Structure formats: structure tokens, C-alpha cells
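Structural overview
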Amino acid sequence: MRVMAQMAMVMNLDKCIGCHTCSVTCKQAWTNRAGTEYVWWNNVETRPGLGYPRTYEDQERWKGGWELDRRGRLRLKAGGRAKKLMQIFSSPTMPSIDDYYEPWTYDYDTLVSAPLQQHTPVARPYSLISGEPMKISWSANWDDNLGGSPEHLADDPIVKKVGTEVKAEFEQTFMFYLPRICEHCLNPSCAASCPSGAIYKRVEDGVVLVDQDKCRGWRQCITGCPYKKVYFNHRTGKAEKCTFCFPRIEVGIPTVCSETCVGRLRYIGLVLYDADKVAEAASTPDEKDLLAAQRACFLDPDDPEVIAAARAEGIPEDWLDAARRSPIRRLIHDYEVALPLHPEYRTMPMVWYIPPLSPVIDRISADGGDGEDPDILFSAIDRLRIPLEYLAELFSAGDVDVVQGVLNRLAAMRTYMRDINLGREPRGELCEAVGMTEEEMYEMYRLLALAHYEERYVIPTAHQEQAHDLEELVTECSLDFDGGPGMGGSGPFGEGSGDHNVPIAVENFHALRDRQTADTAASPEGKDRRINLLNWDGNGRAGGLFPGKR
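Residues numbered from 1 in each chain as written. Predicted model: local features only at pLDDT ≥ 70, side-chain atom pairs only at ≥ 80, totals over all residues. Heavy atoms only, no water.

In the nomenclature of an unreviewed UniProt entry, the protein is known as Nitrate reductase subunit beta of Dietzia cinnamea. Per UniProt, the protein carries the Subcellular location (unreviewed entry) text "Cell envelope". (UniProt positions renumbered as here; feature names shortened; annotations may be inferred.)

Written out as C-alpha cells, the structure is:
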């Protein structure tokens, strides 16, 4: 048994309102610079929908993730070493800019400087790639809120698997939001795909990063990642990806996307796992058994044998305590309501999701039934507006029973707590029917609905004795390059996040052109006059928020 620690995230999809605040704040903090205009480390997709990049889940086309060979051994779906060497100068299965979208800005200066005229001046769109005028036809959330419009519904790879179960009629349509970041997998196919060995998984906390010094821009990692969460910076010629905000994690504060989430749907915590079991679990023959195999890799932080092995591996005591208090372990292992995204890719993802529950009680009551009758309640789960088959293809490799079991627990929790809130005698049989005690049911309710900040984010800080191992904090940040946004560049949270520079929120076409043609990735002039409240610690006045005294 080789005990390792992994920082992980769980998102409760019942709480996501699709506001995209997480995407915008991540963009402000990490990818607000030249070369990353189309890059969204965090994006929020409307399901059903095509996703970002379009149809990224179609692995028959994109060849991402792992598969088993004839001997039952893991191999990259895009091919082994020999095939990659043959294609090293050309990756034919990499998404093009059209599969993402061509980013744009507007010539805002026209609105300001246009002379008085009969017609209202128009700020026309200009490409952020070429600088030429363009016609906008797609973006990272173009099908936002459509719920699978007839124009795009048939192209959703999950809909193709589910078939006729998804209805397109207006009164039968459904939609929910799916926020996505890098999965920071236990078995990352992006790292295995890199010819240069530039992508690595940190031993300390499992965060997957890109070493910019080693990256040679082969872009095989983009092909290898089934979630398409590795991006190519066309200015630097390097690959970039979500860093799990490791400069923040190392000092005990959550990621930017979690900190700014309006719905408070994200949980961050530490889990312990047996690294010796990962390859065996990822090689499980039946895709529907991959979820159970991954859960079996997680270790009990209260087990004396696990504690002794963890200490032998150098895991600090406060990290073991954080693993015991982790909300991730409770949601994944104790309550079993969190599920991984596409376990069939065999990457062992570590960003898990609590699937959305349709308003089942109200629907049963509207049909004339008793929505609080346990027998009727559980039998109605499979008739929800959001098809179980669709959720199963996302979170359980098509196993409907797993998703139904999760939704049964969530529905039972709602009914159980409704009795308590209405002053009625709580029904313990509801808890027993889903394999939980009344105490566990109430604790799950507290965690999902009422958890305080320190309960949602249990993040141990890095130790001084780990400084040598964590030297990328100073010299090897995955985003560090000359004049760049890494720890050795402008600041720890993206371009210009140091003392004197502030990330650009909105800029006109001319300012963008100046920035793209400047000698460094930073904007040339005027950045110190812009305001970024993300850099404000809440004490005193935010710099630049109020005009100075005259």
C-alpha cells in the first residue's frame, strides 16, 4: 500500500444557476492575456448541448483517454509511442479553433470618437487571433440556456448514446448546468501523451501541472485529454491548463472558481488513496464497474494501518486530520451521492458531481398522487424530466441503477427534512429505504444545504519542509515565462496581479492590438489605473476604486 494525498472537488449540480461567475473570475485570474483569448480553464455548459470544444465527448473522433488492448492492459486511445512519434509534427485529432471558437473584441473606440451623425455608430467585432473584422457564429457558451435546441440536440454525443429517450418538444425539454475544470486525474492520459514529459502530477497534492520549460508545443496532450481541458497558447507555443489555483491551495484558501461561486455548489478537500491500486482499477474490464473500482482506491483516514503508512510516506499530521474532516470523502464514500464525470475514459477523474434532482414531489402532486409517499416517491424517480439514461451516460458509464440510487437518497433527504421543517414526526423508514440512518441523513442535509465556509473547504496548508518539493511555486510555475503570468512573472494569480499591475477586464480593439504587439505579454500602459477587486483583501479601500484627493 502506497498512500498518497489528492486534492479533489465535488460540485452539487442542484445549486448551479448558470451565472458563469466562476468562468469569468477564472478568466480574470489566469487567462486574461495574449495567446489565451479562447481559453476557458473553467467553463459552464448547458446540458444537453455540444459542450466546449464542440462534441469533446465523442472519443471515436477525438481519441482521448484510455482503452484496454486485447490483453486487458491500458493503452492510450490515440495510440502508443510509435504512432505518436510518426505524428509528432502533426496531431490530426486535435480540435481546431472552429471547434472552440474564434475569440473577438469590439472596436469600442468608434462609439466614443465617432462624430455626430444621423445613425448610431456601431462597434464592429474584430478577431482576437488575426485582428481582422469577423462575423460571430459561435462561442464557449453559444448554446447556453437552450436546453438542447433542435438545431444542436442531435449532435450532442450523449444524446446519440441515449437515443430516443431525449425529447425535443418544448413541453418535454430539460436542461441543467455542468461546470467543468481540469479533472486532475489519478491516471491522467494527458501526462502519458506528452513526448517531452512536461505534464506531471505533483506528489504532494495530486495537482496536474505543465512545466513550461520542458513543453515543446507538440500538443499531443490536447489529443490525449478526453475532457479537452489542455489548451495551446498560440503566442508562447506552450500548452496550458487549470492549475487548481495551487498558489491559493498551498496557503489554505480555495480556488478562485470556488471562492466566487454564487451558488456555493463547490466543495474542496483532501482524500487519501492507494497509488498501487490505480492502474488495476483503471484496467477494470467492465466500464460499469469503474466507479466502484475507483472508490476502492480511496483509503480510510481513521484506519490505523492507513495512518501508519501515510506517516511513513511523509504525509503531515494536519493533512491526515484534514482527510478525516474532508467533505469530499463524505460525499463520495460515506453518503455515495457524488459521481465522477465519464469514468469510462479510465483517467480516474478527481472532480466529482452530485447529479441534479428534478422537482419530483411537485410533479407527483400535480399528477394527483401523494408526493410524500415513499413508495410513490422512489418509483417516480425514473420518470423525472431529466432522463436517468442521460445522467448515467455522464456520471456512471451508462449504469442507470447508480444514478437512481443517488437520486433516491436526495429525494429521501428532501422528504425527510420537509417533515421536520413542518413540525411533523420524521419518518425513519425513508432513511432505511436508501441505506442510511437518520443521523447520516441529517448530516448529509447539513453538508449539502447549510455547510459553513470552513466545512465546504477543508484545505491543509503546505509545509515549510516541503518547500524544496514545491519549488515550482518560485521557479517552475506551469505558467511562468519571460514577462508572463506565473509566479516568476507579474504575480501569483495571473497576468498583472502583482502590486503595480492589474488584469485587464475590458479593453478596446486598439488597446488589444497594442498589447498583442508589445514585447511582453503584459499590457503596455494604463494597467495601474484599472481596478480588480479580486486582488483586494477586504481591508481599507481598494486601490483605484475611489479617486484621489485633489
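What follows continues from the structure just given.
Attention now moves to the overall build of the protein. In terms of helices and strands, the protein carries 24 helices and 14 strands. Split into buried and exposed, the 550 residues of the protein put 55% on the buried side. Intrachain contacts of the protein at a sequence separation of at least 6 include 71% that bridge at least 24 residues. Of the roughly 24,700 Å² of accessible surface on the protein, a fraction of 49% belongs to carbon and sulfur atoms. (Helix = DSSP H or I, 4+ residues; strand = E, 2+ residues; numbered from the N terminus. Buried < 20%, exposed > 50% of the residue type's maximum accessible area, 1.4 Å probe, protein only. Contact = heavy atoms within 4.5 Å. Areas by Shrake-Rupley, 256 points an atom, 1.4 Å probe, with all protein chains shown as cover.)

Where helix 20 (residues 400–421) contacts helix 22 (residues 438–450), the axes come no closer than 10 Å and their chain directions differ by 95 degrees. Between helix 20 and helix 22, the crossing angle belongs to the class labelled roughly perpendicular. The segment helix 20 lies against helix 22, with Arg-409, Leu-410, Ala-412, Met-413, Tyr-416 and Met-417 engaging Glu-438, Met-441, Tyr-442, Met-444, Tyr-445 and Leu-448. (Axes fitted to C-alpha atoms, helices over the stretch in contact; angles between N-to-C directions. Parallel < 35°, antiparallel > 145°, perpendicular 65-115°, else oblique.)

This brings us to the pairing of strand 11 (residues 238–241). Successive side chains on a regular strand alternate, one facing one side of the sheet and the next facing the other. Sheet topology places strand 10 (residues 230–233) next to strand 11; 4 bridges connect them, and they run antiparallel. Its bridge partner being in strand 11, Asn-233 is matched across the sheet by Lys-238. Two successive antiparallel strands, strand 10 and strand 11, enclose a turn made up of 4 residues, where Gly-237 displays a positive phi of approximately 75 degrees. (Pairing = 2+ DSSP bridges.)

Spatially, 12-1-14-13 is the arrangement adopted by the 4 strands of the open sheet, whose pairing is mixed. Either end of the sheet is taken by a strand with one partner, and the two such strands are strand 12 (266–274) and strand 13 (339–340). Judged from the 2 bridges that link them, strand 13 and strand 14 (residues 351–354) form a sheet pairing that is antiparallel. Opposite Leu-339, over in strand 14, you have Tyr-353 as the bridge partner. Set on the sheet, helix 16 (residues 327–334) makes contact with strand 1 (3–12), strand 12 and strand 14; between it and strand 12 the angle comes to about 70 degrees.

When two helices pack together, you describe them by how their axes are tilted relative to each other and by the distance separating the axes. Direction vectors running N to C along helix 14 (residues 304–312) and helix 15 (residues 317–324) enclose 140 degrees, while the axes themselves pass 10 Å from each other. Of the possible angle classes, the one that applies to helix 14 and helix 15 is oblique. Remark: the crossing between helix 14 and helix 15 carries right-handed chirality. The segment helix 14 lies against helix 15, with Ile-307, Ala-310 and Arg-311 engaging Glu-317, Leu-320 and Arg-324. (Left-handed = near helix turned anticlockwise from the far one by under 90°.)

Let us look at the environment of Ala-192. Counting through the fold element by element, Ala-192 comes out in helix 8 (residues 189–193). Assessed through its relative accessible area of 41%, Ala-192 is described here as partly exposed. Distance in space between the C-alpha atoms of Ala-192 and Cys-221 is 8.0 Å, their sequence separation being 29 residues.

Turning our eyes to something else, we now look at the state of the cysteines. Within the structure shown, the criterion is met by 0 disulfides. For Cys-16, which is in no disulfide, the shortest distance to another cysteine sulfur is to Cys-22 and amounts to 6.5 Å. Taking the relative accessible area as the measure of exposure, Cys-16 reaches 14% and is therefore buried. (Disulfide = S-S within 2.5 Å.)

Here we come to the nonpolar core. Residues Val-10, Leu-272, Leu-331, Phe-395, Leu-407 and Met-441 are the most contacted members of the largest nonpolar core, which totals 132 residues. No other element matches helix 20, which puts 9 residues into this core. In this view, Met-441 contacts Arg-409, Ala-412, Met-413, Tyr-416, Cys-431, Val-434 and Met-436; residues no more than four positions away in its chain are not counted. (Core = buried A, V, L, I, M, F, W, Y, C linked by side-chain atoms within 4.5 Å.)

Quick reminder: α-helices carry 3.6 residues per turn. Residues three or four places apart thus point the same way. For helix 19 (residues 388–395), the tally of buried residues reaches 7 of 8 residues, placing the bulk of the element in the interior. Taken together, the buried positions of helix 19 are Leu-388, Tyr-390, Leu-391, Ala-392, Glu-393, Leu-394 and Phe-395. Along its buried surface, helix 19 packs onto strand 2 (43–47), helix 7 (157–162), strand 7 (176–180), strand 13, strand 14 and helix 20. Trailing helix 19 by a residue or two, Ala-397 shows a phi angle of about 55 degrees, which is positive.

Let us look at the pattern of salt bridges. The tally for this structure, following the rule as stated, stands at 22 salt bridges. Between Asp-99 and Arg-61 there is a salt bridge whose closest N-O contact spans 3.5 Å. You can see Asp-99 sitting in helix 4 (residues 97–100) and its partner Arg-61 sitting in helix 2 (residues 59–62), a full 38 residues away along the chain. With a closest N to O distance of 3.0 Å, Asp-321 and Arg-325 form a salt bridge. Overall, the relative accessible area of 33% leaves Asp-321 in the partly exposed class. We classify Arg-325 as partly exposed; its relative accessible area is 43%. Among the charged side chains, a network of salt bridges with common partners joins Glu-45, Arg-47, Glu-57, Asp-156 and Arg-180. (Salt bridge = Lys/Arg side-chain N within 4 Å of Asp/Glu carboxyl O.)

This part takes up the environment of Ala-123. Residue placement: Ala-123 occurs in the loop between helix 5 (108–113) and strand 6 (125–127). Separated by 16 residues in sequence, Ala-123 and Asp-107 place their C-alpha atoms 4.9 Å apart.

The grouping of Asp-334, Glu-336, Glu-439, Glu-440 and Glu-443 at the surface amounts to a negative patch. For the negative patch, the element with the highest residue contribution is helix 22, accounting for 3 residues. Here Asp-334 lies in helix 16. (Patch = residues over 30% accessible without salt bridge, like charges linked within 9 Å, V, L, I, M, F, W, Y side chains within 5 Å. Lys, Arg positive; Asp, Glu negative; His and termini not counted. Charge placed at Lys NZ, Arg CZ, Asp CG, Glu CD.)

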